[in-house]
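Spelled out from the first residue to the last, the chains are:
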Amino acid sequence: MKIHNFSAGPSILPKEVIHQAAEAVKELDNSGLSLIEISHRSSAFISIMDEACALALKLTGLENKGYKSIFVQGGASLQFLMTAYNFLNRKAGYINTGTWSEKAIKEAKLFGEVQELASSKEANYNFIPKGYKIPNDLDYLHLTSNNTIFGTQIKKIPETKVPLVADMSSDIFSRKFDYSKFDCFYAGAQKNMGPAGTTLVIIKEEILNKISNTVPSMLSYKIQAEKDSMFNTPPVFAVYTSMLNMRWVESKGGIEKLGEHNMHKAKLLYGEIDRNSKFVGFAAKEDRSDMNATFNLVNQSDTEAFDGLCNAAGISGLKGHRSVGGYRASMYNALPIESVDVLVECMKSLEKNK
Ligand SMILES: *Cc1c(COP(=O)(O)O)cnc(C)c1O
């Protein structure tokens, strides 16, 4: 049976990417060696890393714009502390839009003063705060561009005079954006870029060169950048597969084209959530994420019937996060619109059968 993978992460990747990655594990480009047994210092792997770094800048429109891309380990969670360790001297501002923001705030507090400039915690993070004041004396402002758990997404990036840092783990490469508004952004690979095990960090060279904090080597953006992501052994499989996926994104017309496709998928699903009397959306309409749609049943007594319909249709990974309950449909780049059609059909069937 065909499986429709709505998992929030690790999550769906294009079939051809998985196939190519599997081939490379068997043998990398007729080298007689597997991807996972060659030296990371071999010319073959160095060119893979170079291509991955170059593609990340190309896809975000930051090629030759004074940015550096690096791949590090430790997941997006390590970035919560690396951003603060490297950039926080005195005071940073954070917008609290969910569990991941909260975790970022917790780590940053180890390194300096943290001002929570706005929060939607009281509403269980079902909206994105707007119109808050951003002091001009912050070392940086930190945002979470897409809230994977709650299904909200920042649509308009606030104007700031201070450096802007963003966790883009669950919407990197998913929509057209002016990425040059950001001074540093990062994304754990396993949502919309590749397999778990690596994290992409893109930093403006201007701010990279200004880092004055003394930071241990592994956690230092300067050292990771100077060593071209090869300070120590990089996670070769995760970087290679992410590179394959970035090639795929480019072959599909880049993030502009995929962004249109993603918007289309999201419209289809939200349209049904709003139309169908059996369902109710979780997030405020204007802040709804194109990547993760959160919704609940109006009557919990329909749970068994709806889950049965979904299982029979091959839908996988639809269970909502425990802090929201209900359902979450993650519609990352690789999810075809046919999968959304199948989910919408299940929702319609539930309404019809009762
Ligand atoms: C999943 C996720 C994280 C955590 O990523 P790890 O790689 O597991 O550390 C952080 N931020 C956001 C927005 C996420 O979706």
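Residues numbered from 1 in each chain as written. Predicted model: local features only at pLDDT ≥ 70, side-chain atom pairs only at ≥ 80, totals over all residues. Heavy atoms only, no water.

S.K.: Would you explain empty space enclosed by the protein in this entry?
M.R.: Which parts of space are left empty comes out when a probe the size of a water molecule is rolled across the atoms. One pass over the structure, following the stated rule, counts 1 cavity of 30 Å³ or more. Computed from the structure, the largest cavity encloses a volume of approximately 30 Å³. A class-by-class count of the residues in the lining of the largest cavity yields 1 nonpolar, 3 polar and 2 charged. Both domain 1 (15–251) and domain 2 (254–353) contribute no fewer than three residues apiece to the lining of the largest cavity. (1 Å grid on protein atoms, 1.4 Å probe; cavity = no way out; pocket = protein on both sides within 12 Å on 5 of 7 lines; lining within 4 Å. Points joined across faces, edges and corners; volume = space filled by probe spheres on them. Nonpolar A, V, L, I, M, F, W, Y, C, P; charged D, E, K, R; others polar. Domains from an automatic or database assignment.)

S.K.: I keep staring at helix H2 (residues 43–59) and nothing clicks. Help me out?
M.R.: An α-helical turn contains 3.6 residues, so any two residues separated by three or four positions project in the same direction. Here H2 is 17 residues long and its end C-alpha atoms lie 24 Å apart, about the 24 Å a rise of 1.5 Å per residue gives. On its buried side, H2 packs onto strand E2 (67–72), strand E10 (199–204), helix H7 (236–251) and helix H8 (254–275). (Helix = DSSP H or I, 4+ residues; strand = E, 2+ residues; numbered from the N terminus. Expected span 1.5 Å × (residues − 1). Contact = heavy atoms within 4.5 Å.)

S.K.: How should the pairing of strand E5 (residues 141–144) be read in this particular structure?
M.R.: In the case of a regular strand, side chains alternate between the two sheet surfaces. Along E5, one buried face is formed by Leu141 and Leu143 and the opposite face, lined by His142 and Thr144, is buried too. Pairing analysis gives 2 bridges linking strand E3 (residues 91–96) to E5, with the strands arranged parallel. In the sheet register, tyrosine 94 faces E5, and the bridge partner there is histidine 142. The pairing of E5 with strand E8 (residues 164–167) spans 4 bridges and is parallel. Across the sheet, histidine 142 pairs through a bridge with valine 165, a residue of E8. (Buried < 20%, exposed > 50% of the residue type's maximum accessible area, 1.4 Å probe, protein only. Pairing = 2+ DSSP bridges.)

S.K.: I tried to follow the pattern of salt bridges on my own but got confused; where do I start?
M.R.: Pairing between side chains of opposite charge can happen when the charged atoms of each approach one another. Using the criterion set out here, one finds 18 salt bridges in the structure. Salt-bridge contacts for lysine 68 lead to aspartate 228; the nearest nitrogen and oxygen are separated by 2.6 Å. Here lysine 68 is found in strand E2, whereas its partner aspartate 228 is found in the loop between helix H6 (221–226) and H7, with 160 residues between them in sequence. Looking at lysine 68, the relative accessible area reads 22%, which means it is partly exposed. Arginine 175 is paired through a salt bridge with aspartate 171; the nearest N and O atoms lie 2.9 Å apart. The exposure classification of arginine 175 matches that of aspartate 171, with both residues buried. A single salt-bridge network, built from bridges that share partners, covers Arg90, Lys91 and Asp137. (Salt bridge = Lys/Arg side-chain N within 4 Å of Asp/Glu carboxyl O.)

Everything listed here is a matter of geometry and, on its own, says nothing about what the molecule does.
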